[in-house]
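The primary structure of each chain is shown beneath.
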Amino acid sequence: MQDKTVSGFSKWSKEEKVKWLAEHFFVDGEAYTEELSSFWHGNIDLQRILDGFSENTVSNYIIPYGIAPNFLINDQIYAIPMAIEESSVVAAASSAAKFWLNRGGFKAEVLSTKKLGQVHFTWKGSPDKLQAHFAKLELELRKETAYLTTNMEGRGGGVTDIELRDLNHLEPNYYQLMVSFETCDSMGANFINSVLEEFAQILKNFVSRQKAFTAEEKQVKIVMAILSNYTPDCLVHVEVECPVDQLKGACEEMDGTTFAEKFATAIRIANIDPYRATTHNKGIFNGVDAVVMATANDFRAVEACGHAYAARDGQYRSLSYCEIENGVFRFWLDLPLALGTVGGLTTLHPLAKRSLELLGNPSAEELMMIIATTGLAQNFAAVRSLVTTGIQQGHMKMHLKNILNHLGANESECLQAEVHFSDKVVSFSTVRKFLESIRNYKGQPIIVTRQ
Ligand code: MEV
């Protein structure tokens, strides 16, 4: 069997890596090599920056970058950049933005901006004894890390709270320092982790120096020091509202009241049933992640936090809510979002930098509002389709292009397919059959042109 393991891979040049992959994993190694290199950026300096983001890079992975215009958020208009591969997400966001543009737009508000981190440690002794020394420890933690926190404090942030948590009842001898941070316009992961690792060392030293402690009590075992991606108090609220009769345009076949009630029922179902809630929230993250990606923020952190928040009362539920009261339809979303608009890759990634410019170089709080709005818009569009036409109609129309590309359709065949499928069900096999039929057609050539 051919040996597919390797040592020293990370030290090889990109060309050497590609050569090895081509030789060991592909029957068409030459074509593979060509494909990978075709996605290298022509600008060598830029490619060097991209390569610096990660390890063992052999190419760039391209996904579409689209714009959803016409978002009215707190009386300001935005064209929102979205990096996403799924058909119809950008179209859906755009259509929801347009729908709410003439109905007062989206109103967003940042409720809190607290980030969290923890030092997890074990200590053998009476919890009261440790607690009795905590005030002195806290002073030392703050003083000894001033060299790390002064800059952030100058920007209005820093360490806002340190709490000693006794968790002996869950795990023998287990404690935490639960630390709260304000990181202003940066996501703050590096800042938080640097402070926490330093806190861990200071804690260890502090305990080892306490004269009142026995030899055993002088030992703290640090398990780990790391930020928490669960930031329920880094929260943004966004909502739309209008009288139900203004919802008439949401669906051709329904009046505003019927639509509003059906829509609200769908939202309640997502609140009750975790199976539906998961798909419902996935729809919200279609919008959220796309903007998080387009601005080079950490979508894994955002997703992890959002889903944990959705399960905060012990059951996984919808992140959005809807009510109809006194003839007014209100639809809203509360979402924890830990984001940055400075630092990280936000200015290093050329398109992320442009995304932020497009959004008017927002503060982290403004970006929270923009991203939560995109999530709510996406959710509105998805649920509107679900309770009216179903999503396949719009989705498969967009997906038609992917199927046609996959089947190697030329421009004329694509145009014929668009016309043919304008009132028919799109599936891989129906499109293939249609292409076969026009390719085998022996009559007069059919000419279809774009209007
Ligand atoms: C598809 O990517 C997202 C939806 O399934 C969301 C939803 O069901 O609410 C349409």
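Quick caveat: nothing in here was measured; it's all calculated off a predicted structure. (Residues numbered from 1 in each chain as written. Predicted model: local features only at pLDDT ≥ 70, side-chain atom pairs only at ≥ 80, totals over all residues. Heavy atoms only, no water.)

Colleague: Explain the sheet that holds strand β9 (residues 320–325) here, please?
Modeller: The 4 strands lie next to each other as β3-β8-β10-β9, forming an open sheet whose pairing is antiparallel. One side of each edge strand has no neighbouring strand; the edge strands of this open sheet are β3 (107–110) and β9. Ignoring which end each strand starts from, the neighbouring axes of this sheet average 20 degrees apart. Here β9 pairs with strand β10 (residues 328–336) via 6 bridges, running antiparallel. When the sheet's bridge partners are listed, I324 is paired in β10 with F329. Packed on one face of the sheet, helix α13 (residues 364–387) meets β3, β8 (235–243), β9 and β10 and runs near 50 degrees to β8. (Pairing = 2+ DSSP bridges. Helix = DSSP H or I, 4+ residues; strand = E, 2+ residues; numbered from the N terminus. Axes fitted to C-alpha atoms, helices over the stretch in contact; angles between N-to-C directions. Contact = heavy atoms within 4.5 Å.)

Colleague: Sorry if this is basic, but what is going on with the site of the ligand here?
Modeller: The environment of the ligand is formed by E86, R276, T279, H280, K282, G283, N286, A382, L386 and I391. Between an oxygen atom of the ligand and a side-chain N or O atom of K282, the distance comes to 2.6 Å. Contact distances for the ligand include 2.9 Å between an oxygen atom and a side-chain N or O atom of N286. Its atoms largely coinciding with the cavity grid, the ligand occupies the second largest pocket. At the level of secondary structure, the elements contributing two or more residues to the shell around the ligand comprise α10 (274–294) and α13. The element contributing the most residues to the shell around the ligand is α10, with 6 residues. Across the shell around the ligand, the residue classes break down as 3 nonpolar, 4 polar and 3 charged. (Near = heavy atom within 4 Å. Polar contact = N/O pair within 3.5 Å; in protein donor to acceptor, adjacent residues only side chain to side chain. 1 Å grid on protein atoms, 1.4 Å probe; cavity = no way out; pocket = protein on both sides within 12 Å on 5 of 7 lines; lining within 4 Å. Sits in = over half its atoms within 2 Å of the grid points. Nonpolar A, V, L, I, M, F, W, Y, C, P; charged D, E, K, R; others polar.)

Colleague: Any chance you could explain the domain arrangement of the chain here in plain terms?
Modeller: You'll often see interface size given as the accessible area lost when the parts meet. Each assigned domain of the chain is listed here: domain 1 (1–62), domain 2 (65–112 + 232–390), domain 3 (115–228) and domain 4 (394–441). Averaged C-alpha coordinates put domain 2 and domain 3 at centres separated by 36 Å. Contacts between domain 2 and domain 3 engage 11 residues on the former and 7 residues on the latter. Roughly 610 Å² is buried in total at the junction of domain 2 and domain 3, and carbon and sulfur atoms are behind 67% of that figure. Along the contact surface separating domain 2 from domain 3 lie 0 salt bridges. At the surface where domain 2 touches domain 3, the tally comes to 3 residue pairs in polar contact (both at pLDDT 80 or more). (Domains from an automatic or database assignment. Buried area = accessible area lost by both parts, 1.4 Å probe. Salt bridge = Lys/Arg side-chain N within 4 Å of Asp/Glu carboxyl O.)

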